[in-house]
Amino acid sequence: MSVSLRRTIVLAALGMISVLSLFVCTGIGTVKFTVPEVAKALFVDDGSMARLLIWNLRFPRVLTGGLVGICLSLAGCILQGVMRNTLASPSTIGVTGGASFVGYLTLVAFPHLAYLLPVGSIIGAFVTTMLIYALAYQKGVSPVKMILSGMAVSALFGAFNDIIKTLFADSLGNASGFLVGGLNGTSWDSFFMVLPYALVGMFTCLFLPSKMNILMLGDETANSLGLRTEVFRFFLIAVSSLLAGAAISAAGLISFVGLVVPHIARLLVGSDYKYLFPASVLMGFSLITVCDTIGRVIMPPGEVPVSIILSFIGAPFFLWLLRTRDKGGT
Amino acid sequence: MYFGFEHITIEYGRKSILRDLTMDVPRGKIVTLIGQNGCGKSSLLKTISHAVTPKSGRAILDGKPLSAYPPKKLAQRIAYLAQVHTSPPDIDVRTLVSYGRYPYAKFGRGMTRADAGIIDRAISMTGLNALENQALATLSGGERQRAWIAMTVAQQPEILILDEPTTYLDIGYQVEVLELVRRLNREMGITILMVLHDLNLAARYSDRLCAIRDGSIYVSGTPGEILTAGNLRDVFGIDAQILHDEINDCPFFIPNKSMKELPE
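Everything numeric here is computed off the predicted structure, so don't read it as measured data. (Residues numbered from 1 in each chain as written. Chains lettered and ligands numbered in written order. Predicted model: local features only at pLDDT ≥ 70, side-chain atom pairs only at ≥ 80, totals over all residues. Heavy atoms only, no water.)

**Student:** Looking at this structure, I do not really get the pairing of strand β11 (residues 238–245) of chain B. What am I missing?
**Tutor:** Consecutive side chains of a regular strand alternate in pointing toward one face of the sheet and then the other. Bridge count between β11(B) and strand β12 (residues 250–258) of chain B: eight bridges; the pairing is antiparallel. In the sheet register, B:D245 faces β12(B), and the bridge partner there is B:C250. (Pairing = 2+ DSSP bridges. Helix = DSSP H or I, 4+ residues; strand = E, 2+ residues; numbered from the N terminus.)

**Student:** Is there a simple way to explain the sheet that holds strand β3 (residues 30–34) of chain B in this structure?
**Tutor:** In any sheet, the strands associate via hydrogen bonds between backbone groups, in a parallel or an antiparallel arrangement. Residue and element names in this part refer to chain B. The strand order β6-β7-β8-β3-β9-β10 describes an open sheet built from six strands, whose pairing is mixed. Each edge of the open sheet is held by one strand with a lone partner, namely β6 (78–81) and β10 (216–221). Looking at each pair of strands side by side, their axes are set apart by 15° on average, direction ignored. Two strands pair when backbone bridges link them, and strand β7 (residues 159–163) and strand β8 (residues 191–195) are joined in this way by five bridges, in the parallel orientation. Residue L162 lies in a different strand from β8, and its bridge partner there is M194. This element, helix α5 (residues 141–154), spans β6 and β7 of the sheet and lies at about 165° to β6. (Axes fitted to C-alpha atoms, helices over the stretch in contact; angles between N-to-C directions. Contact = heavy atoms within 4.5 Å.)

**Student:** What am I meant to see in the packing of helix α1 (residues 2–27) of chain A against helix α13 (residues 273–297) of chain A here?
**Tutor:** When two helices pack together, you describe them by how their axes are tilted relative to each other and by the distance separating the axes. Residue and element names in this part refer to chain A. In the contact formed by α1 and α13, the axes pass within 9 Å of each other and the chain directions differ by 30°. Between α1 and α13, the angle falls in the class roughly parallel. When you trace α1 past α13, the crossing you get is left-handed. Of the residues in α13, those touching α1 at R7, L11, L14, G15, I17, S18, S21, L22 and C25 are Y275, P278, A279, L282, M283, F285, S286, T289, V290, T293 and R296. Of the residues that constitute the contact of α1 with α13, the class distribution is twelve nonpolar, six polar and two charged. (Parallel < 35°, antiparallel > 145°, perpendicular 65-115°, else oblique. Left-handed = near helix turned anticlockwise from the far one by under 90°. Nonpolar A, V, L, I, M, F, W, Y, C, P; charged D, E, K, R; others polar.)

**Student:** Explain the interface of chain B and chain A here, please?
**Tutor:** Interfaces are often described in size by the accessible area the parts lose on coming together. Contact residues are listed per partner, giving 25 residues for chain B and 21 residues for chain A. Where chain B packs against chain A, one counts seven residue pairs in polar contact (both at pLDDT 80 or more). For the side of chain B that touches chain A, the secondary-structure elements that each account for two or more residues are α2 (71–75), β6 and α5 of chain B. If you tally residues by element for the side of chain B that touches chain A, the top one is α2(B), at three residues. (Polar contact = N/O pair within 3.5 Å; in protein donor to acceptor, adjacent residues only side chain to side chain.)

**Student:** Sorry, what's going on with the pattern of salt bridges here?
**Tutor:** Side chains that differ in charge, positive against negative, can pair when their charged atoms come close. Taken as a whole and assessed by the stated rule, the structure comprises 17 salt bridges over all chains. Note that B:E6 is salt-bridged to B:R58, the shortest N-O span being 3.5 Å. Separated by 52 residues along the polypeptide, B:E6 in strand β1 (residues 3–12) and B:R58 in strand β4 (residues 56–61) bring together distant segments of the chain. Taking relative accessible area as the criterion, B:R58 reaches 40% and is therefore assigned partly exposed. When salt bridges that share partners are traced, they join A:R61, A:D292 and A:E303 into one network. (Salt bridge = Lys/Arg side-chain N within 4 Å of Asp/Glu carboxyl O. Buried < 20%, exposed > 50% of the residue type's maximum accessible area, 1.4 Å probe, protein only.)

**Student:** Would you take a moment to explain a nonpolar patch on the surface for this structure?
**Tutor:** On the surface, a nonpolar cluster with roughly 480 Å² of combined accessible area is contributed by A:L156, A:F160, A:I163, A:L167 and A:F168. Here A:F168 is to be found in the loop between α6 (143–167) and α7 (176–180). (Patch = residues over 30% accessible without salt bridge, like charges linked within 9 Å, V, L, I, M, F, W, Y side chains within 5 Å. Areas by Shrake-Rupley, 256 points an atom, 1.4 Å probe, with all protein chains shown as cover.)

**Student:** Looking at this structure, how should I read empty space enclosed by the protein?
**Tutor:** Remark: the empty space left among the atoms is shown by a probe the size of a water molecule rolled over them. Throughout the structure, instances matching the rule amount to two cavities of 30 Å³ or more. Here the lining of the largest cavity takes four residues from helix α9 (residues 229–236) of chain B, the largest share from any one element. Taken together, the residues of the lining of the largest cavity break down into seven nonpolar, one polar and no charged. In this structure, the second largest cavity occupies an estimated 30 Å³ of space. Together, A:L72, A:P90, A:S91, A:T96, A:I248, A:I254 and A:G258 line the second largest cavity. Tallied by class, the residues present in the lining of the second largest cavity amount to four nonpolar, three polar and no charged. (1 Å grid on protein atoms, 1.4 Å probe; cavity = no way out; pocket = protein on both sides within 12 Å on 5 of 7 lines; lining within 4 Å. Points joined across faces, edges and corners; volume = space filled by probe spheres on them.)

**Student:** Sorry if this is basic, but what is going on with the layout of surface pockets here?
**Tutor:** In this structure, the largest pocket occupies an estimated 1400 Å³ of space. Taken together, 49 residues make up the lining of the largest pocket; nearest its centre are A:N213, A:D272, A:K274, B:S98 and B:Y99. Secondary structure elements with two or more residues in the lining of the largest pocket: α1, α9 (209–215), α12 (257–269) and α13 of chain A together with α3 (93–98) and α4 (113–125) of chain B. Within the lining of the largest pocket, the residues separate by chemical class into 22 nonpolar, 13 polar and 14 charged. By volume, the second largest pocket amounts to about 1100 Å³. In terms of residues, the lining of the second largest pocket owes the most to one element, helix α10 (residues 219–224) of chain A, which gives five residues. Of the residues assigned to the lining of the second largest pocket, the class counts are 20 nonpolar, 17 polar and nine charged.

Purely geometric stuff here, so don't read any function into it on its own.
Okay, here's the thing in structure tokens:
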């Protein structure tokens, strides 16, 4: 009883933090506004300066960031289940590189159809995940193989991406978040471009927890409990690609969210996916909105991309994780 | 045939493991597979959990191949306990046992009160009441094995398959686990098929033994028929004397020496 009570409290707290971060991060910026000004700007279109800054720039940026955080965290949760390996995440296994590669190709091939960008990066994410899975999977993914294949795939796609960026600079138009990495310049357009894919992905996740829990018992046990593990894995890879691809098309390369969030969520609510998914959603939302806000205000008048802030937090965390795992913790 | 295997051939690459093996597991009996390391007894069981795909042949339930059953329907009739278990370390005993109800779960509906009752009974049957809220990682090897068995009990199977259920356990826990398996058989009528390495325990707790040699069933029968000096020589390459346990009325053996010649 105490365990489930604790989980409920943790989830409620995370929910409050998310709501709080949504409004606080919308209110904070290099241009200062009072709380009533912010509230008014969110609800009344009076054509003021506050309305322009808050409604047209900050609010969609916070929402898009939150959505990206949710997508990356869920994708990380799912990938860790698919690979049965807690070091898996969109960035560590090279999915981000593959997704942006196909994203670039889409922009170059169809320069006037910017709304195809998420489709491209989702396909890229899917192909890359399948590739890593095939390279590293053998009754559970060996961490070393997975990380090494991920590094190789990332480096390869990174090189391709640089070539495309150099050769086709003109046709790469204005998908700014995707190209630069980060949330600077996100608008309502970017939010609504990603929203449908994110919603489908999140909705699908509602039906996954009990099957994910069974999958964590190992393929032999899961199969004998009546779960078709091969089919289910394939499905999960598709869902995680949908989520990761959507996130990448809005904000480009953002590392560590998909790795750090599921881990902290697991520490807080345990490994039952019924709690792990909601906890990851809430933490993913607040982590990116808060880090992006820090990036916006830390060095005025300039701006530090959210990916850099996240790397400062995520990279040491990743190293710490590798170290604790070596001591025999799984 | 109620349950068993038909013409199973398993190959790993070029290496032939089992050749045209056919065996029958009678309803309500405890059948134990014995044989040397690498003889293919675990591989045979793994064809049921899809961990091994036979080159030809199939497992049969009620005269039909297992592949003819929808996976969840099959899981309501056959439970399988793998040799090596993996689970997140923090899940508690009751949660693990509740996973045994997965084959009965209806889409979009949670656990019913009936499920909770079945889980309760599985937990008390395996003597885990005091531990039900403890994380698996905090249990001893024997307790953890009982928790996994409780999960298969919650599955309410007709048939329970155990792949070396006593591996890594000391003798106290080995006997405890096998006593439990026998209670599941005698009290709940569950047909048991398992692999054991300890021949004395196999003889003590089984209705039938099947010895595998050279890729197929070499002999099968009651422990008294199988545990003979000749069979131990032929199947395991040991010279042994066979004695009789008067208290439990079953044969046991004491090895004298290996009859295999070590290469120079």
